[in-house]
Number of protein chains: 2
Amino acid sequence: MARIYNFSAGPCTLPVEVLEQVSDQIVDYGNTGMSLIEMSHRSKMVDGVHCAALDLVREILNVPESHHVLFLGGGATMQFGMVPANLLAGGKSADYIHSGAWAKKAIADGKAFGDVNVIWDGKESSYMTLPDPAPGNLNVTPDAQYLHLTSNETIGGIQWKRFPDVKAPLVCDMSSDIFSRPIPMEKFGIIYAGAQKNLGPAGVALVIIRDDVLQQCSDDLPLYMNYKKHVDGNSMLNTPPVFQIWMIKLVLEWLKGKGGLEWAQEMAARRSQILYDMVDRHSEFYRCPVDRAVASPMNVVWRCATEELEAKLIKEATAAGLDGLKGHRSVGGCRASIYNAMPLEGAQALADFMNEFAQSNG
Amino acid sequence: MARIYNFSAGPCTLPVEVLEQVSDQIVDYGNTGMSLIEMSHRSKMVDGVHCAALDLVREILNVPESHHVLFLGGGATMQFGMVPANLLAGGKSADYIHSGAWAKKAIADGKAFGDVNVIWDGKESSYMTLPDPAPGNLNVTPDAQYLHLTSNETIGGIQWKRFPDVKAPLVCDMSSDIFSRPIPMEKFGIIYAGAQKNLGPAGVALVIIRDDVLQQCSDDLPLYMNYKKHVDGNSMLNTPPVFQIWMIKLVLEWLKGKGGLEWAQEMAARRSQILYDMVDRHSEFYRCPVDRAVASPMNVVWRCATEELEAKLIKEATAAGLDGLKGHRSVGGCRASIYNAMPLEGAQALADFMNEFAQSNG
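Residues numbered from 1 in each chain as written. Chains lettered and ligands numbered in written order. Predicted model: local features only at pLDDT ≥ 70, side-chain atom pairs only at ≥ 80, totals over all residues. Heavy atoms only, no water.

A. A look at the overall build of chain A. Counting secondary structure elements, chain A contains 10 helices and 13 strands. The C-alpha atoms of chain A give a radius of gyration of 21 Å, which matches the 21 Å a tight globule of 362 residues would have. Residues counted as buried form 64% of the 362 residues belonging to chain A. For chain A, contacts bridging at least 24 residues in sequence account for 65% of all contacts bridging at least 6. For chain A, the exposed area adds up to about 13,200 Å²; of that, 49% sits on carbon and sulfur atoms. (Helix = DSSP H or I, 4+ residues; strand = E, 2+ residues; numbered from the N terminus. Rg over C-alpha atoms; globule rule 2.2 N^0.38 Å. Buried < 20%, exposed > 50% of the residue type's maximum accessible area, 1.4 Å probe, protein only. Contact = heavy atoms within 4.5 Å. Areas by Shrake-Rupley, 256 points an atom, 1.4 Å probe, with all protein chains shown as cover.)

So this is what it looks like as C-alpha cells:
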C-alpha cells in the first residue's frame, strides 16, 4: 500500500529512507555475510555503530564534555525510578512539577525513594498550562537534589518554551520533544528520553547525565540501575538493544543531513502552525483546549462540539490515509502528533482535511 | 556476501528466513502503508503481534496457567536485580549456586537487596563442573525464598542436565538454553532469559513467573521494577520493544514449524556431538576443559596446546567463513556457540575444519 500519514503519539512515523536502509541491510550488513543484530556486541562492527550513534547525539544536541551520553533499556518509564534510586537514597529530597500524565508517573516513582515536593500542580487548569519559569516564580526547596520537569506532555499537548533558572540541576523527561530544538545543556543534570518519537523505535532510552550529578549517584544499587556502571561501560555493561541503536544512528544521520536542530525546530514550528491556524480559522467548529502560550509544536490537540463529531472526523481521516488522530483515552478529543519525520505535506494534508470537514459538518 | 556460519555466543545467528521476512515487511507491514515499529503499541496490529508472541512462548514451552509470561526491557542483567528487589525486601534470604560468570552477577545483585547464601561454589574446579542435583545433596537453607541457578553458563560451557528438587521455588537464568529442551515448569518460580540466543535480537528479556511467587512480590517498588504491575499490564505497562517482540514471534513460528522443543533438543545434541567427537578424535591436539557430564550442547569450548595455536585456528576459521570462535576474554581458548538457528551443516563445516587444522598443525 502507498505510504500513509501516521499521526500516532509514539511509536510514530519514522523517516521512510531509514526504514528502506534497514530493509536493505538487515540480512547482510556491510557485506559481512550476517546481520548486524547477529554480531557480537563486542565486535568492531557493532562497537562502531554504537559509538557513531553516541557521537551523533553529542554532535547534533551539542552535548558538552561535562555530560555523559548513555543508551539504556526499559524506556523512559525505567528512568522514572532510576533517577530517584540514584539521587534520593537516604531520605534526600527533590522538587517536581506536576504538568500532566507523564509528570505524574515520574512523581510516583520519586516517592518510592525519597522526599518529593510537588512545587507546582496544573490540576486547576486540567493540566492545560505550565508555570511561568521566570526566576523567583517557582517556590523551590533550598536543599532539593534536583527539579524534575517534563519538557513536553504528549497527552495534554503542552511544552515548556523556556526552562527555569534554579540552583538545583534540572532533571527532565524529554521523550517527546528531544531533537526538535536546541537545549541549554548546562542547566540539566539529567535528560532522559524514550526513543520512540524523534529518535527511533521503542525499546531504548537516551540518558544524558552531567558529571557532577553522576558523582552524587548512589553506589549501592543493582547493576542495571547504576548510572556510574553504565558510564564506565559506555552503555555496553550488558548487551545493548543493538537494533534500536543502529536505527538511532540512521535517524540521526538523516536529521544531520536535513540540517539538524535548526531545521527540526523550523519544521516543527511550520507543521504545528498549519494546524493551529486551521483550528483558529474554524473557531466556531474546532477548539484548542490548551493555553496557547505553551501549546506544543509536537502534539496538537483540538476538540469538536461533540464526541460524535470527533469520532466521525477520526474515522473519515483514517479512510483518507491520515492515521492515529484519536486523542489519548484519558482525555478524548483529537490529537495530531507531528514529530521530525512527519513531512510538511502531512500537516498540510491534515489541515486541508480539517478545512473540508468543518465546512461539511459545521 | 554469501552467508557465513556465525558461532558468536550472543547476539548470535538468527534464522535467515526470519531476517528475510523482516526485510520484506519493515517498510510496509501487512499492506498498512507503515512499518509495524511506527504503529501505536495500543493498536490492534501491534497488540496482535504482542499477544501472538506471548501465546507462542506458552504453547512451545508448555507453560501452564499457573505461570505468567512477560517481555521486559533491560535484558537478563535487569533481572539479576529485579528478582531480589521483588522477593528479598525486608531482610529475606535466598540460596544461590555459583556456577560461573553469569551466576556471579546474579549473586552480586542479590546481595544488594537481601541475605544471600551461596550454597555451592564451583571455584575449585575453575567453574568447569556443577553439583549433583540429587535430593539431599544441596545444603539448602530452610527459609530461603528461592534457589537461584544459571541453567547454562555460556562462558564456561556447562549446563544443568537435571534441575534440583528442593522445597523452595527455583529461580533460573535460562538466557542461553531456553527453547533448546523441555522444561519441568512446575519447579520454577521465575525463569528469565535475555532474548539474544534462541529467541531473537538483544533488547528484551523473557520472564516467566509462577502466580504464587508473584503474590509474594513486593508492592513497594518503582513502576518498572514491579512484576505485579507488568503482569497487570500484560507487558504493555509502557511501550514495549516492539521490534524484538515481532522478531520473537517470527523466530517462534519458525521453531514451531521445525518441530518445537523436541526438534531443538535433538538438533542441539547432534550439533554438539559432532564437535565433542572431533575434540575426542584429536585428543592429542584438542582438549575439552569441562566436566563432560555437564558439557553444554549450546557452547562447546576447547583448547589447543598453546595460545598461539588457538589464535591461528580462530584466524584461519574466520577466513574460511567460520566466525566468532574466540573464547570469552576472561577464559581464553576456543568456543563454538551453536544455538537453534545454527544449521547442522555449520557444525559439520566447523568439525571438518578442526579435523584439517589438527592434521596440518599436529
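B. View of the sheet that holds strand β3 (residues 93-98) of chain A. Residue and element names in this part refer to chain A. Read across the sheet, 7 strands follow the order β2-β10-β9-β8-β5-β3-β4 without closing on themselves; strand pairing throughout is mixed. The sheet is open, and its two edges are formed by β2 (67-72) and β4 (115-121), each paired on a single side. Strand-to-strand twist in this sheet, taken as the mean axis angle between neighbours without regard to direction, amounts to 20°. Two elements, strand β5 (residues 147-150) and strand β8 (residues 170-173), share 4 bridges in a ladder whose sense is parallel. (Pairing = 2+ DSSP bridges. Axes fitted to C-alpha atoms, helices over the stretch in contact; angles between N-to-C directions.)

C. Fine view of helix α9 (residues 307-319) of chain A. Residue and element names in this part refer to chain A. Taking 1.5 Å of rise per residue, the 13 residues of α9 would be expected to cover 18 Å, and the 18 Å separating its terminal C-alpha atoms lies within 8% of that figure. L309, E310, L313, I314 and A317 are the residues of α9 that are buried. With its buried residues spanning 135° around the axis, α9 presents them on a single face. Of the exposed residues in α9, the ones pointing more than 90 degrees away from its buried face are E308, K315 and A319. (Expected span 1.5 Å × (residues − 1). Arc of directions from axis to C-beta.)

D. Quick peek at unusual backbone geometry. The peptide bond linking A:G10 to A:P11 adopts the cis configuration, its omega dihedral lying at 0°. As for its placement among the helices and strands, A:P11 is situated in the loop between β1 (5-6) and α1 (16-25). Unusually for a residue other than glycine, B:N31 sits at a positive phi of about 60°. Within the fold, B:N31 resides in the loop between α1 (16-25) and α2 (44-61). At B:S126, a residue that is not glycine, the phi angle is positive and equals roughly 55°. With respect to the helices, strands and loops of the structure, B:S126 is situated in the loop between β4 (115-121) and β5 (147-150).

E. Local environment of the nonpolar core. Among the nonpolar cores identified, the biggest contains 194 residues, and A:F179, A:W302, B:F179 and B:W302 are the most heavily contacted of them. Core analysis: the second largest hydrophobic core is formed by 58 residues, A:V171, B:Y96, B:Y192 and B:I209 among them. (Core = buried A, V, L, I, M, F, W, Y, C linked by side-chain atoms within 4.5 Å.)

F. Up close: the interface of chain A and chain B. Residue-level contacts link 58 residues of chain A with 58 residues of chain B. In this assembly, chain A packs against chain B so that about 4,400 Å² is buried in total across both faces, 61% of it on carbon and sulfur atoms. Counting across the interface, chain A meets chain B through 2 salt bridges. At the surface where chain A touches chain B, the tally comes to 20 residue pairs in polar contact (both at pLDDT 80 or more). At the level of elements, α1, α3 (75-87) and α7 (242-258) of chain A are the ones that each hand at least two residues to the side of chain A that touches chain B. By residue class, the composition of the side of chain A that touches chain B is 29 nonpolar, 21 polar and 8 charged. (Buried area = accessible area lost by both parts, 1.4 Å probe. Salt bridge = Lys/Arg side-chain N within 4 Å of Asp/Glu carboxyl O. Polar contact = N/O pair within 3.5 Å; in protein donor to acceptor, adjacent residues only side chain to side chain. Nonpolar A, V, L, I, M, F, W, Y, C, P; charged D, E, K, R; others polar.)

G. Main features of the environment of A:H282. Looking at where A:H282 falls in the secondary structure, it is placed in the loop between α8 (260-281) and β11 (299-302). Along the primary structure A:H282 and A:A76 are separated by 206 residues, whereas in three dimensions their C-alpha atoms are 37 Å apart.

H. Region of the structure containing the packing of α1(B) against helix α7 (residues 242-258) of chain B. All names here are of chain B. Relative orientation of the contacting elements α1 and α7 amounts to 135°, with a least axis distance of 9 Å. Between α1 and α7, the angle falls in the class oblique. The element α1 and its partner α7 pack so that their crossing is right-handed. Contacts from E17, V18, L19, Q21, V22 and Q25 of α1 reach α7 at F243, W246, M247, L250, V251 and W254. (Parallel < 35°, antiparallel > 145°, perpendicular 65-115°, else oblique. Left-handed = near helix turned anticlockwise from the far one by under 90°.)

I. Local environment of the domain arrangement of chain A. Residue and element names in this part refer to chain A. Assigned domains of chain A: these are domain 1 (17-257) and domain 2 (259-361). Centre-to-centre separation of domain 1 and domain 2, based on C-alpha positions: 27 Å. In this complex, domain 1 contributes 26 residues to the contact, which on the side of domain 2 involves 26 residues. Regarding the contact of domain 1 and domain 2, the summed buried area is about 2,100 Å², with carbon and sulfur atoms giving 60% of it. The interface formed by domain 1 and domain 2 includes 0 salt bridges. The set of elements that each furnish at least two residues to the side of domain 1 that touches domain 2 consists of α2 (44-61), β6 (152-153), β7 (158-159) and α7. Take the side of domain 1 that touches domain 2: its biggest share by element is 4 residues, from α7. Residue classes in the side of domain 1 that touches domain 2 are distributed as 10 nonpolar, 10 polar and 6 charged. (Domains from an automatic or database assignment.)

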